[in-house]
Amino acid sequence: MCKIQKSENCISVSNLRKRYGKANTYAINDITFDVKYGSVFGFLGPNGAGKTTTVKILTTLLRATSGSIYIFGRQLLKNQSEIKKRVGVVSQNPSFETNLTVEKALDLYGILWGLKDKQLRKEKINKILNTFDLESIKSIKNDELSIGQRRRVQVAREFIHEMDLLFLDEPTVGLDPSARRLLLDYIKSQVKSGLTVFFTTHIMEEAEYLCDQIAIMDKGKIIAFDTPSGLKQKYGKGTKTIELTFNDIPNKLLIDHLKNIVNKRQSRKDPNGTNSFIGFNGVHTITITADNVEEIISEVLQLIYKDGLQLENISIIPPSLEEVFLSVVDKNGYSNGREVGR
Amino acid sequence: MVNNILLLVYRNLVAAIDKSFLIWMVAFPVVYIFIVGYAYSTLIGNREINIGSVSVTYTSFLTSGVIGFNAMNGSSAVAGGIVWNDKRNGMLQQLLVMQFSKVQYIIGNLITIILIGLVSAALIMIIGLPTMYKNANITLWSVPYIIYALASGSVFFGSFTIILSTKIKSSEAHNVISNGLFLFFTFVSSAFYPAQGLPGPLTIAFYLNPLTYIVDISRAGIFSQISAFTNIQVLILGALAATVFVIAIRSMVSMKV
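Residues numbered from 1 in each chain as written. Chains lettered and ligands numbered in written order. Predicted model: local features only at pLDDT ≥ 70, side-chain atom pairs only at ≥ 80, totals over all residues. Heavy atoms only, no water.

Focus on the nonpolar core
Phase 1 of the analysis: Counting 144 residues, the largest nonpolar core has Ile11(A), Phe33(A), Phe167(A) and Phe198(A) as its most contacted members.
Phase 2 of the analysis: Take this core: its biggest share by element is 12 residues, from helix α3 (residues 58-88) of chain B.
Phase 3 of the analysis: Apart from the residues lying within four places of it in its own chain, the contact partners of Phe198(A) are Ile11(A), Phe33(A), Val35(A), Phe41(A), Phe43(A), Val55(A), Leu58(A), Leu166(A), Phe167(A) and Leu168(A).
Phase 4 of the analysis: Among the nonpolar cores identified, the runner-up in size contains 19 residues, and Leu258(A), Val262(A), Ile286(A) and Ile304(A) belong to it. (Core = buried A, V, L, I, M, F, W, Y, C linked by side-chain atoms within 4.5 Å. Buried < 20%, exposed > 50% of the residue type's maximum accessible area, 1.4 Å probe, protein only. Helix = DSSP H or I, 4+ residues; strand = E, 2+ residues; numbered from the N terminus. Contact = heavy atoms within 4.5 Å.)

Focus: the interface of chain B and chain A
Phase 1 of the analysis: At the junction of the two partners, chain B supplies 20 residues and chain A supplies 24 residues.
Phase 2 of the analysis: Buried surface at the junction of chain B and chain A, both sides included, amounts to about 2,100 Å², of which 57% is carbon and sulfur.
Phase 3 of the analysis: One can count 1 salt bridge joining chain B with chain A.
Phase 4 of the analysis: Taking the shortest distance from any N to any O, the salt bridge between Arg11(B) and Glu97(A) comes out at 2.9 Å.
Phase 5 of the analysis: Applying the counting criterion to the chain B and chain A interface returns 12 residue pairs in polar contact (both at pLDDT 80 or more).
Phase 6 of the analysis: Classifying every residue of the side of chain B that touches chain A gives 12 nonpolar, 6 polar and 2 charged. (Buried area = accessible area lost by both parts, 1.4 Å probe. Salt bridge = Lys/Arg side-chain N within 4 Å of Asp/Glu carboxyl O. Polar contact = N/O pair within 3.5 Å; in protein donor to acceptor, adjacent residues only side chain to side chain. Nonpolar A, V, L, I, M, F, W, Y, C, P; charged D, E, K, R; others polar.)

Points about a nonpolar patch on the surface
Phase 1 of the analysis: The grouping of Met1(B), Val2(B), Leu6(B) and Val103(B) at the surface amounts to a nonpolar patch, some 410 Å² of accessible area in total.
Phase 2 of the analysis: When you line up the elements, Leu6(B) lands in helix α1 (residues 2-16). (Patch = residues over 30% accessible without salt bridge, like charges linked within 9 Å, V, L, I, M, F, W, Y side chains within 5 Å. Areas by Shrake-Rupley, 256 points an atom, 1.4 Å probe, with all protein chains shown as cover.)

A closer look at the packing of helix α7 (residues 143-167) of chain B against helix α8 (residues 171-187) of chain B
Residue and element names in this part refer to chain B.
Phase 1 of the analysis: α8 packs onto α7 with a crossing angle of 155° between their chain directions and a minimal axis gap of 10 Å. One finds that α7 runs roughly antiparallel with respect to α8. Between α7 and α8 lies a crossing whose hand is right-handed. Contact residues: α7 offers Phe157, Phe160, Thr161, Leu164 and Ser165, while α8 offers His174, Ile177, Ser178, Leu181, Phe182 and Phe185.
Phase 2 of the analysis: When grouped by side-chain class, the residues that make up the contact of α7 with α8 number 7 nonpolar, 4 polar and no charged. (Axes fitted to C-alpha atoms, helices over the stretch in contact; angles between N-to-C directions. Parallel < 35°, antiparallel > 145°, perpendicular 65-115°, else oblique. Left-handed = near helix turned anticlockwise from the far one by under 90°.)

Some details on the sheet that holds strand β13 (residues 285-290) of chain A
Residue and element names in this part refer to chain A.
Phase 1 of the analysis: In spatial order, the strands read β12-β13-β11-β14; together these 4 strands make up an open sheet with antiparallel pairing. The open sheet has two free edges, formed respectively by β12 (277-281) and β14 (311-317), since each of these has just one partner strand. On average, each strand axis in the sheet is inclined to that of its neighbour by 20°, with strand direction left out of account.
Phase 2 of the analysis: Across 5 bridges, the pairing between β12 and β13 is antiparallel. Across the sheet, the residue bridging to Asn281 is Thr285, located in β13.
Phase 3 of the analysis: Most of the contacts of helix α10 (residues 293-307) go to strand β11 (residues 240-246), to which it runs at about 15°, and overall it touches β11, β13 and β14. (Pairing = 2+ DSSP bridges.)

Let's talk about the environment of Asp291(A)
Residues and elements named next belong to chain A.
Phase 1 of the analysis: You can see Asp291 is positioned in the loop between β13 and α10.
Phase 2 of the analysis: When its relative accessible area of 22% is taken as the criterion, Asp291 is described as partly exposed.
Phase 3 of the analysis: Distance from Asp291 to Phe225, taken between C-alpha atoms, is 22 Å for residues 66 residues apart in sequence.

Overview of the packing of aromatic side chains
Residue and element names in this part refer to chain A.
Phase 1 of the analysis: Scanning the model with the defined rule gives 35 aromatic pairs over all chains in all.
Phase 2 of the analysis: With 5.9 Å between their ring centres and 40° between their planes, Phe41 and Phe225 make a pair best called tilted. With Phe41 in strand β3 (residues 40-44) and Phe225 in strand β10 (residues 221-226), this residue pair connects regions lying 184 residues apart in the sequence.
Phase 3 of the analysis: The exposure class of Phe225 is partly exposed, given its relative accessible area of 32%.
Phase 4 of the analysis: With a centroid separation of 5.1 Å and 50° between ring planes, the pair formed by Phe43 and Phe198 is classed as tilted. (Phe/Tyr/Trp six-rings, centres within 6.5 Å; stacked < 30°, edge-to-face > 60°.)

Regarding the confidence of the model for chain B
Phase 1 of the analysis: Considering every residue of chain B, the mean pLDDT works out to 88; 100% of them sit at 70 or more.
Phase 2 of the analysis: When mean pLDDT is taken per element in chain B, helix α10 (residues 210-222) of chain B scores highest with 94 and helix α2 (residues 19-44) of chain B scores lowest with 83. (pLDDT = per-residue confidence, 0-100.)

Concerning the environment of Val191(A)
All names here are of chain A.
Phase 1 of the analysis: Structurally, the position occupied by Val191 is in helix α6 (residues 177-192).
Phase 2 of the analysis: Separated by 151 residues in the primary sequence, Val191 and Val40 have C-alpha atoms spaced 7.4 Å apart.
Phase 3 of the analysis: Every residue in contact with Val191, bar those within four places of it in the chain, is listed here: Gly38, Ser39, Val40 and Val197.

Section: the side chain of Thr112(B)
All names here are of chain B.
Phase 1 of the analysis: With respect to the element layout, Thr112 can be found in helix α5 (residues 102-127).
Phase 2 of the analysis: The buried category is assigned to Thr112, whose relative accessible area is 1%.
Phase 3 of the analysis: Discounting residues that sit within four places of it in the chain, Thr112 has contacts with Val9, Asn12, Leu13, Val78 and Ile82.

Side note on unusual backbone geometry
Residue and element names in this part refer to chain A.
Phase 1 of the analysis: Although it is not a glycine, Thr60 sits at a positive phi angle of roughly 70°.
Phase 2 of the analysis: Topologically, Thr60 is positioned in the loop between α1 (51-58) and β4 (66-71).
Phase 3 of the analysis: Positive phi outside glycine occurs at Lys219, with the angle close to 50°.
Phase 4 of the analysis: Along the chain, the position of Lys219 falls in the loop between β9 (213-218) and β10.

What follows is the structure in structure tokens.
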């Protein structure tokens, strides 16, 4: 892999903008980023943030309004036929040949990718069928497959050809947990062999599991960009959650006292902050999320001791990528239901 | 470029042709020729039908008409099916993110349409040979007329169904509109009965239908009855096919992916 590597970055995007027709707003508004060779670049964002539009531009399905794109160190639009030979794309929407069985469809896909040697094609198909657990459905027509099975075939099919860069636009939608894990592990193994992956997803666990770098996009702009741990450090702001599980149901008085502790800290540190709050997990578990749980915890434990309640479990949980994502997007004024980027 | 186009033609043929399509392509015209043809012959009696200066039996006349009809059927089914399925099932988008361009996709479809049109017509010519061999008089001079009529007819009907497939959104509307239009194309044409001697408005309707030109030209070629009127029909059919093809290209280019 990486046979045509000629620059430090596999993808280099500068000041990219996309406006649909004569609309006043930009679906993509001046985004700049680089993707290093042999890494997984996660592209996250709420619906309509502009992720798919970006992928469509990078895969030549859409023309950008302005900006520059270099892939493998070459300008995309001027060298697209050469570049596209080394790029795989798994689109967000399903794509399949209705009348063909899984095996025949894979064979046809191999031919389209220029795999002329029948024996080589057969070997590759068998490997794919085996790797992606498709043996049992290889003689079934695409039309008769379930949505999840079709998705598995769509993703698996892309690995029939040699590539240096793979675009995965929400590839795990419709996959069951085991198929999802199988795919993510396979991608990881391919990345170790030099593949570069541009990955969009809504599932934060996947992004955390797979990505080396993550860009969070909203309203057509990249609003956060770092490694997963860097994002947590930067945007988690040390916010952690204390999870208290009691043997008995905690009484209202205790809850009111806990609220007082949290509110007291909140107003002292940052009167306008929204990072401290109390939540419930079922009837036995209380969660306290705060900027500095180390300061609160001794007070909380003293209170519980005074109340004479029996604690079954106590744990301190660091911020998840999902919390970081929600915090970043919320700050940017997330507008649900907006469909700018489609 | 050429390699990519050939790959796309191969892909179209593999993806679009299955057993049911082949059975339909052969069974449908066979029913027309051997059942409708002989059944109507008993109604008509011994009366022969004039094509230029020759007279032919009704089954001969019908077979030569069904050749053009099958070119229309085959090309429109394949072209509409390919574009409709590629659009609905995401394969157009997938092909365009591969090494193929939209221009190559369009040319690939055009070649597939012509190939299917010619092959399906040739198939009927072979099957219907027993009904025509006494009257048919195919010469070197008439062969180009036959091929031209079938190829440009395939382009016309293939392009026409591509336009329908790109413009119509729901499959129900697509079925209703295409079935309605093809009912007109099939039966308001000279494929099944001669246009001469029809009431005035019906004659006009016949000559508004490109299938009439395809059938008339190919029939003139099969029975070597090429006249000045045939050459006018050649020009009209060429112009119609080119116009509809250009519209089809425009609608394919503007198709959202």
